[in-house]
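Summary of structural features
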Amino acid sequence: MTTPPTSASPAFQLERQASGQLLLVADNGEQHLGVVPVRAFPIAAPDEGISLISSEGHELVWLERLDDLPLPQRSLLEEELALRDFVPEITRLISVSSFGTPSTWVVETDRGETSFVLKGEEDIRRLNRESLLIAAGHGVHFSVKDMGALDRASRRLLERFL
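Notes on the structure in this doc start here. Only a predicted model underlies this, so the values are computations on that prediction, with no experimental measurement involved.

**Quick word on the nonpolar core**
Core analysis: the largest hydrophobic core is formed by 18 residues, its most contacted members being I90, L93, W105, F116 and I134. Mapped by element, the contributors of at least two residues to this core are β6 (90-96), β7 (103-109), β8 (112-118), β10 (132-135), β11 (141-144) and α2 (152-159). With 3 residues, β6 is the single largest residue contributor to this core. Other than its neighbours up to four places away in sequence, L93 contacts W105, V106, V107, S154, L157 and L158.

Written as structure tokens, this is what we have:
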């Protein structure tokens, strides 16, 4: 089994095809259509440890840092990762239907107001002292980056579930 190259100076080209898929062309000319970038640490270190995965699920390239890439490749990967890693940040809790689960939460996020169902308290995961990751019933994850930055009413509602 070969080890994927690490990107000190990337030995590959990356472009978006008309189909919307990413095409990776390795330095040996080998082409891989349908490449998917995956973050190793999407929350703790979103710009570090990026793997480019083939459509067959094999790692083709390991990138230590997005900043190491030339601007065109970095921009393309940032755009693709933004589509893949949709994690709205909760900025305010507007209401909670009940203090038991499942409950419907109405929240304000950095992308607008929305509602979701919290199936169980175990769907709220502490990332560190101040930040949380909340798994909604429909598969979307929401983040709270700094609980201390929330207004008092939001903190009080959230504390009922922690």
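Once the structure has been displayed, the description carries forward.
**Quick word on helix α1 (residues 71-84)**
Its 14 residues place the ends of α1 20 Å apart at the C-alpha level, agreeing with the 20 Å of an ideal helix rising 1.5 Å per residue. Buried residues of α1: Q73, R74, L76, L77, E80 and L81, and no others. Taken around the axis of α1, the buried residues stretch over an arc of 165 degrees, which confines them to a single face. The exposed residues of α1 that point more than 90 degrees off its buried face are L71, P72 and L83. Among the structural elements, β1 (12-16), β2 (22-26), β3 (31-39), β4 (48-53) and β5 (59-65) are those in contact with the buried residues of α1.

**Things to note about the packing of aromatic side chains**
Counting across every chain of the model gives 4 aromatic pairs. Taking 5.6 Å as the distance between ring centres and 35 degrees as the angle between the ring planes, the aromatic pair formed by W105 and F116 counts as tilted. Placement of W105 in strand β7 and of F116 in strand β8 is noted, with a sequence separation of 11 residues between them. The burial state of W105 is the same as that of F116; both residues are buried. Ring-pair connections join several aromatic residues into one group, and the members of that group are F99, W105, F116, F142 and F161. Sitting over the ring of F99, R160 keeps its end group 4.1 Å from the ring centre.

**Focus: unusual backbone geometry**
Residue P102 follows T101 across a cis peptide bond; omega there is 0 degrees. Mapping P102 onto the fold places it in the loop between β6 and β7.

**Regarding the side chain of S103**
Turning to its location among the elements, S103 is positioned in strand β7. A polar side-chain atom of S103 sits 3.0 Å from a polar atom in the side chain of W105. Residues within four places of S103 in sequence aside, it is in contact with V96, S97, S98, F116, V117, L118 and F161.

**Digging into the pattern of salt bridges**
Scanning all chains against the criterion turns up 6 salt bridges. In this structure, E79 and R16 form a salt bridge, with 3.0 Å as the shortest nitrogen-oxygen distance. Placement of the pair is E79 in helix α1 and R16 in strand β1, with a sequence separation of 63 residues. A relative accessible area of 45% places E79 in the partly exposed class. The class for R16 is partly exposed, based on a relative accessible area of 30%. Across the salt bridge formed by R65 and D67, the nearest N and O atoms sit 2.9 Å from each other. Judged by relative accessible area, which is 32%, R65 ranks as partly exposed.

Cut-offs used in this document
- Residues numbered from 1 in each chain as written.
- Predicted model: local features only at pLDDT ≥ 70, side-chain atom pairs only at ≥ 80, totals over all residues.
- Heavy atoms only, no water.
- Core = buried A, V, L, I, M, F, W, Y, C linked by side-chain atoms within 4.5 Å.
- Buried < 20%, exposed > 50% of the residue type's maximum accessible area, 1.4 Å probe, protein only.
- Helix = DSSP H or I, 4+ residues; strand = E, 2+ residues; numbered from the N terminus.
- Contact = heavy atoms within 4.5 Å.
- Expected span 1.5 Å × (residues − 1).
- Arc of directions from axis to C-beta.
- Phe/Tyr/Trp six-rings, centres within 6.5 Å; stacked < 30°, edge-to-face > 60°.
- Lys NZ or Arg CZ within 6 Å of the ring centre and 35° of its normal.
- Polar contact = N/O pair within 3.5 Å; in protein donor to acceptor, adjacent residues only side chain to side chain.
- Salt bridge = Lys/Arg side-chain N within 4 Å of Asp/Glu carboxyl O.

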